[in-house]
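# Secondary and tertiary structure notes
Below, each chain spelled out in residue letters.
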Amino acid sequence: MPQLTYLEAIRQGIWEEMERDPTVFCLGEDIGIYGGAFKVTDGFIDRFGPERVIDTPIAESAIVGAAFGASLTGMRPVVEFQFMDFIGCAFNQIVNMVAKAHYRWGAPAPLVIRGPSGGNVHGGPFHSQNPEMWFVHAPGLKVVCPASAYDAKGLIKAAIRDNNPVIFFEHKYLYRRTKEEVPAEDYIVPLGKARIAREGRDLSIITYAAMVHTALEAAETLSREGIDLEIVDLRTLAPLDREAIVATLRKTGKVIILHEHARTGGLAGEIAAIINEDAFNHLDGPIVRIAAQDSPVPFSPPQEEYFLPQVSDVLREARRLRAY
Amino acid sequence: MDDAEPQMAKKQKERLAAKSAQAPGTNQRTYTIPDHRLEKPSITIRQVRKAGKVSYEVTGDLSATVPPIRESRYLSKKQCIEIYRWMLLNRKMETALENLYKQGKVVGGVYFGLGQEACSCASAYALHKDEWMGPLIRNQGSTLVRGFSPRDIMMQYMAKAGSPTRGRDASSHFGDIKDRNVVAPISTLGDLLPVLAGVALGARLQGRNIAVMTYIGDGGQSTGVTYEGLNFAAVQDLGLVLFVENNLWAYSTPADMQFRVKDLAERAISYGIPGVIVDGTDACQVYDAAHEACERARRGQGPTLIEAKMMRMKGHAIHDAADYVPKPLFEYWRKRDPIARFENFLLNVKKWLTPTENRELIAGVDQQLEADRDFAVASPMPEPESAAGGVYCEHGCHEIKPKYAIPKARKGSVASPGGTEAAVHLK
Ligand SMILES: Cc1ncc(C[n+]2csc(CCOP(=O)(O)OP(=O)(O)O)c2C)c(N)n1
Ligand SMILES: [Mg+2]
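On a predicted model such as this, the values are computed, not experimentally measured, just so you know.

### Some points on the domain arrangement of chain A
Residue and element names in this part refer to chain A. Once the domains are mapped, chain A shows domain 1 (3-181) and domain 2 (195-322). On a C-alpha basis, the centroid separation for the pair domain 1 and domain 2 is 26 Å. With 27 residues of domain 1 at the interface, the matching set in domain 2 holds 23 residues. Buried surface at the junction of domain 1 and domain 2, both sides included, amounts to about 2000 Å², of which 62% is carbon and sulfur.

Right, here's the structure in full:
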């Protein structure tokens, strides 16, 4: 099996979908000759032509609106955002036009909005954000956040085939830093299903995207101390895999929820509520959350490091919870 | 009429009357977009597919000779030399930044305004000190003219504790509401327009018509908020000077794929405001258009759209080699370097600078930059903990007060800024 980076895996996934389905097409800024700001669609315009790889004006709201319009005619548009931070410019089209369409008037919106998100690359307040939760709170959307190359390919393919609007957050820190064997065959990873990134007995960490790797790193250190972490990679934030959350808790009784976006109103609060509703009896300690500070993402490296959850935070909280 | 409201209504009526008096008596609509350029290159860039590869192709005459600088109707010798110095400082500071980047001292990327120094510097030069400006990423020269120093910008790029945002943001993403009246931009393009319009609105409510200036690119003007902001300013007669820098490229996308009008200045017609075209590599043309637009704004006559044409002479940012740009375009525009043209004008046409004076001026700029670079390099990184706090304005960190004058309240009213203290009800 070939080794692919996270970025190459996404590229291959979209490419394969365009090869197998003529209704799939891409639109976005600088995705054609330039191949996208991060080169995800490199080579696409030569293969599929400017008709299916469309360089648009800088008009996010129009891009999303037009993608929805095309989807009404049975097309499957894949929209690229140069940075997911700019998704605010299309917010109304996404949450009011697209997300509500099926509920209101029975119109499915089989489109994907994808692009880079996440920090730890010193991008500053407008090139580092994790705006997932804005959309988790908008019923009608699916929200996907892969952590590995294997999943990234399977999930983007599933997202393109899904009959619902999917917001696909690609963590830019992982683009070229994670690499693994990715099957060349046609496979999908279903939306809405979490995976166990590491099996363990003592304590669960529920997380996703780049923080999976932070948790894995912490797990190595902790295993030498005799603490055996289980790591649940959610993969999809909406809809959440409630069963996987309950299952891991049933196994370990102790849980840390780890995410890169701000603490207040963050995903951890929602997961804590799910645990309270579905698995309260299995709890054997307080639900711990580790999250980013409630502030914009600062630019300067020492400040960004302070802002983001670190391996050391996981170590500290895991030791504390283990001893509880 | 003695209270404020009917007076406003009266003014509004006068404005409308003045407008209809200007309208031609027939229903034949005629619009003119003054074009001050001394050459009018007609260049198009298209996607073409050849042998399975898609690339950009230029059509148009790229052989024309460089026109002279159009003499300014307003600028004195001293002012011309000042603008020239700002342009040099702008360019040389960016060269210094490029070197700092190569030495690994910059965090993230670097953005350049190479070829656009006349646009940034000569436009911002038209503003008064107590007026306002909102720069974009390439308008580092404008922030210099507004009173920031090269070390401020260098420290922004190096993420230093002493940067204007204390490490919290990068590049030209900084501002100052106290002394320099600069609105810190955000990345998303177009969002500054309504904000600057609002600054003019606030000033007018305090009895002052001021000019406010902001920038947008051939790419950024495609955003919806550009329309909203300019239309808002037009309807409210706010003194927004929108400086459109049509530099042919938006990242890798040519201007021909952003809009279908021939000149972006034509957009002014649809807002019902004046539009004008200038050569963006001619500092005198840029200044004159900006000055006239600012004067109009100060008379309370509303916004102006200025379109400046030139080319972005580097990639989008330092990581981008701009391989997609057809080479002949670079050759064409390199001959129209705004600094070389202005230098030639000052030295050889006007003879306002002797070669010796020019050398001294350049040496002064170099010295200033060296001192600023050394200062910025030696300055410390922020402490990690400095990431905390400051999300809210609390504990009296700012006093909010009218910048220009206390807004007029109705006669007999006892209102004062901030109002009177209210009782606090906790249940
Ligand atoms: C709303 C929005 N979408 C996308 C971007 C990403 N982006 C930054 S600059 C740029 C190109 C801008 O081109 P233009 O407006 O012509 O300005 P120039 O770079 O030529 O100065 C793009 C696409 C952005 N900043 N804002
Ligand atoms: Mg441009």
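### Some details on the side chain of Asp218 of chain B
All names here are of chain B. By the secondary structure assignment, Asp218 is in the loop between strand 4 (212-217) and helix 7 (224-235). No salt bridge is formed by the buried Asp218; the nearest opposite charge belongs to Arg312, separated by 7.5 Å. Among the polar contacts listed, one links the side chain of Asp218 to the backbone nitrogen of Asn247, at a separation of 3.1 Å. Residues in contact with Asp218, not counting those within four places in the same chain, are Glu245, Asn246, Asn247, Leu248, Trp249, Ala250, Ala255, Gln258, Phe259 and Leu264.

### Focus on the site of ligand 1
If you check the shell around ligand 1, you find 19 residues, and the closest are Glu60 of chain A together with Arg138, Gly220, Asn247 and Trp249 of chain B. Chains contributing residues near ligand 1 are chains A and B. Leu189 of chain B is positioned with one of its backbone polar atoms (N or O) 3.2 Å from a nitrogen atom of ligand 1. Within the complex, the protein chains bury 92% of what would otherwise be the 580 Å² of accessible surface of ligand 1. Here the shell around ligand 1 is built from residues that sort into seven nonpolar, eight polar and four charged.

### Quick word on the coordination of the magnesium ion (ligand 2)
Residue and element names in this part refer to chain B. Each protein donor to the magnesium ion (ligand 2) is listed here as Asp218 (OD), Asn247 (OD1) and Trp249 (O); together their distances run 2.0 to 2.1 Å. Taken in chain order, the donor set of the magnesium ion (ligand 2) reads D-x28-N-x1-W. Of this pair, Asp218 sits in the loop between strand 4 and helix 7 while Trp249 sits in strand 6 (residues 249-250); the two residues are 31 residues apart in sequence, bridging distant segments of the chain. Here Asp218 falls in the buried class, since its relative accessible area comes to 1%. The class of Trp249 is buried, set by a relative accessible area of 2%.

### With respect to the confidence of the model for chain B
Residues with a pLDDT of 70 or more make up 94% of chain B, whose mean pLDDT is 94. Counting contacts from residues 1-5 of chain B, a segment whose pLDDT is below 50, to residues more than four positions away or on other chains yields seven contacts.

Scoring rules and cut-offs
- Residues numbered from 1 in each chain as written.
- Chains lettered and ligands numbered in written order.
- Predicted model: local features only at pLDDT ≥ 70, side-chain atom pairs only at ≥ 80, totals over all residues.
- Heavy atoms only, no water.
- Domains from an automatic or database assignment.
- Contact = heavy atoms within 4.5 Å.
- Buried area = accessible area lost by both parts, 1.4 Å probe.
- Helix = DSSP H or I, 4+ residues; strand = E, 2+ residues; numbered from the N terminus.
- Buried < 20%, exposed > 50% of the residue type's maximum accessible area, 1.4 Å probe, protein only.
- Lys, Arg positive; Asp, Glu negative; His and termini not counted.
- Salt bridge = Lys/Arg side-chain N within 4 Å of Asp/Glu carboxyl O.
- Polar contact = N/O pair within 3.5 Å; in protein donor to acceptor, adjacent residues only side chain to side chain.
- Near = heavy atom within 4 Å.
- Areas by Shrake-Rupley, 256 points an atom, 1.4 Å probe, with all protein chains shown as cover.
- Nonpolar A, V, L, I, M, F, W, Y, C, P; charged D, E, K, R; others polar.
- Donors = N, O, S within 2.8 Å, 3.2 Å for Na, K, Ca; no water.
- pLDDT = per-residue confidence, 0-100.

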